[in-house]
Amino acid sequence: MSDILGIMTHRIGHPGSFARHAKSALAEKFSGILVYTPKDVNLTTRRITGYVYNGGTWNKQTLPFPKINMDIGFYTGSQSTRATLVKKAPAFPFTGYGIGNKIRIQKHLIASPVLKPYLLPTEPVKDSNNFIAFVKKYKSVMLKPINGWGGRGIVRVTLEKDQFKVQSNGEHTQMMGAPGLRTMIRRALSKERHLMQQWIDIRNKQGIIFDIRALMLKKSEGNWQTTGIAVREAQKGRITSNLKSGGHAYEASSYLKKEFGDEKGEALAKSVRELAEYIPGFTERSYRSRLCELGIDLAVDTQGKLWLLEINIKPGKLIMRQLYGQKAWEQSLHTHFQYARSLHPKTK
């Protein structure tokens, strides 16, 4: 069992739901997989109790640390603290490591002279007063949980005369005065930390929000590959373009040409690709840490200016299925396992 692949996640539920992971691991000549959560790891004895897929069946077992591990979990609260502790253990190698919350990421990105011009004004929300001051300065602002993913918990706040217009995904727009907004911000901050970011108008000619996702995957030889670039168009009336909430993926270059004309559209598509190819290497150097996948989210405002919205280390790959088909999607999921195999000590 020395060449078993470890897979850490936030919740197991039924181990059979990891059948696809087991199939990919076996295809890469791992003997099986060990699925576990951060609390299943004993850092003192260096052993893990989890579900092992080996020889066609799932069994609960306690095993030594695998020689290579993948982290596919989305953690919150104390589980997030525990996962960070596990990934810091020197005897516990992972295919890729964390890059922190959205504020920490912003600090790294803004240190790059290449990326700085593409970044929006972004600050942590300290309290309701500093949020209101930020809204008054920029007129329209996105409020985001610093550990959010998939568009969860994002709210847009716009100053209109002396009132604040508050929009969240798929919900009715509310108008409120400063006292109401202060209460809303205090409530949000009591649950988790948030950041505030200037809103830019990234609606297309039909008034629908769109952004661009570049999916970057590391190949088995350690080189980064631009696996897919797609425009994600939001469902009508939504303020984010997440595909899981009903958005649609389109080929980026032709979409940008349709919106901005052939010459400008082509120039934008080229800039998107150049930025996407620069970011993974820069991020690894900046953090002095290994990454294996990156989802890079960019946007173009109505004036045709390109912006870098954020980067994600565990990107969804639905753009691959919607744009390139089932086979390309399956290959994009499998690439991580090929990279894991290349890191396994037995192959060195």
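Residues numbered from 1 in each chain as written. Predicted model: local features only at pLDDT ≥ 70, side-chain atom pairs only at ≥ 80, totals over all residues. Heavy atoms only, no water.

Remarks on the overall build of the protein chain
Step number 1: On a plain count of helices and strands, the protein chain comes out with 9 helices and 17 strands.
Step number 2: Expected size for 348 residues packed as a compact globule is a radius of gyration near 20 Å; at 21 Å, the protein chain falls within 12% of this value.
Step number 3: With the C-alpha coordinates of the protein chain rotated into their principal frame, the extents come out at 65 × 45 × 35 Å.
Step number 4: Counting across all 348 residues of the protein chain, residues that qualify as buried make up 50%.
Step number 5: For the protein chain, long-range pairs separated by at least 24 residues make up 62% of all intrachain contacts whose partners lie at least 6 apart in sequence.
Step number 6: As presented, the protein chain carries roughly 16800 Å² of accessible surface, and 50% of it is formed by carbon and sulfur atoms.
Step number 7: Positive and negative side-chain charges of the protein chain, numbering 55 and 27 respectively, have mean locations separated by a distance of 8 Å. (Helix = DSSP H or I, 4+ residues; strand = E, 2+ residues; numbered from the N terminus. Rg over C-alpha atoms; globule rule 2.2 N^0.38 Å. Buried < 20%, exposed > 50% of the residue type's maximum accessible area, 1.4 Å probe, protein only. Contact = heavy atoms within 4.5 Å. Areas by Shrake-Rupley, 256 points an atom, 1.4 Å probe, with all protein chains shown as cover. Lys, Arg positive; Asp, Glu negative; His and termini not counted. Charge placed at Lys NZ, Arg CZ, Asp CG, Glu CD.)

Regarding the packing of helix α6 (residues 252-260) against helix α7 (residues 262-287)
In helix packing, the relevant descriptors are the interaxial angle and the interaxial distance, both defined with respect to the helix axes.
Step number 1: α7 packs onto α6 with a crossing angle of 140° between their chain directions and a minimal axis gap of 7 Å. Of the possible angle classes, the one that applies to α6 and α7 is oblique. Considering how the two elements wind past one another, α6 and α7 form a crossing that is right-handed. Across the interface between the two elements, Ser253, Leu256, Lys257 and Phe260 of α6 pack against Asp262, Lys264, Gly265, Glu266, Leu268 and Ala269 of α7. (Axes fitted to C-alpha atoms, helices over the stretch in contact; angles between N-to-C directions. Parallel < 35°, antiparallel > 145°, perpendicular 65-115°, else oblique. Left-handed = near helix turned anticlockwise from the far one by under 90°.)

What about the domain arrangement of the protein chain?
Step number 1: Under the domain assignment, the protein chain is made up of domain 1 (4-88), domain 2 (102-117 + 205-343) and domain 3 (121-198).
Step number 2: Relative placement of domain 1 and domain 2: their C-alpha centres are 28 Å apart.
Step number 3: In this complex, domain 1 contributes 17 residues to the contact, which on the side of domain 2 involves 10 residues.
Step number 4: Summed over both sides, the interface between domain 1 and domain 2 buries roughly 1200 Å², with carbon and sulfur atoms accounting for 64% of that surface.
Step number 5: Broken down residue by residue, the surface that domain 1 buries against domain 2 is led by Glu28, Ile68 and Met70, which jointly contribute 43%.
Step number 6: On inspection of domain 1 and its partner domain 2, the count reaches 1 salt bridge.
Step number 7: For Asp71, the salt bridge goes to Lys314, with nearest N and O atoms at 3.0 Å.
Step number 8: On inspection of domain 1 and its partner domain 2, the count reaches 6 residue pairs in polar contact (both at pLDDT 80 or more).
Step number 9: In the side of domain 1 that touches domain 2, the residues fall into 10 nonpolar, 3 polar and 4 charged. (Domains from an automatic or database assignment. Buried area = accessible area lost by both parts, 1.4 Å probe. Salt bridge = Lys/Arg side-chain N within 4 Å of Asp/Glu carboxyl O. Polar contact = N/O pair within 3.5 Å; in protein donor to acceptor, adjacent residues only side chain to side chain. Nonpolar A, V, L, I, M, F, W, Y, C, P; charged D, E, K, R; others polar.)

Some words on the environment of Lys218
Step number 1: Among the structural elements, Lys218 can be located in strand β13 (residues 210-218).
Step number 2: For Lys218, a relative accessible area of 6% puts it in the buried group.
Step number 3: Between the C-alpha atoms of Lys218 and Gly56, which are 162 residues apart in sequence, the distance is 29 Å.
Step number 4: Not counting residues up to four positions away in its chain, the partners in contact with Lys218 are Asn223, Trp224, Glu284, Arg290, Leu291, Cys292, Thr335 and Tyr339.
Step number 5: A distance of 2.6 Å separates a polar atom in the side chain of Lys218 from a polar atom in the side chain of Glu284.
Step number 6: Looking at Lys218, its side chain comes within polar contact range of the main-chain oxygen of Leu291, at 3.0 Å.

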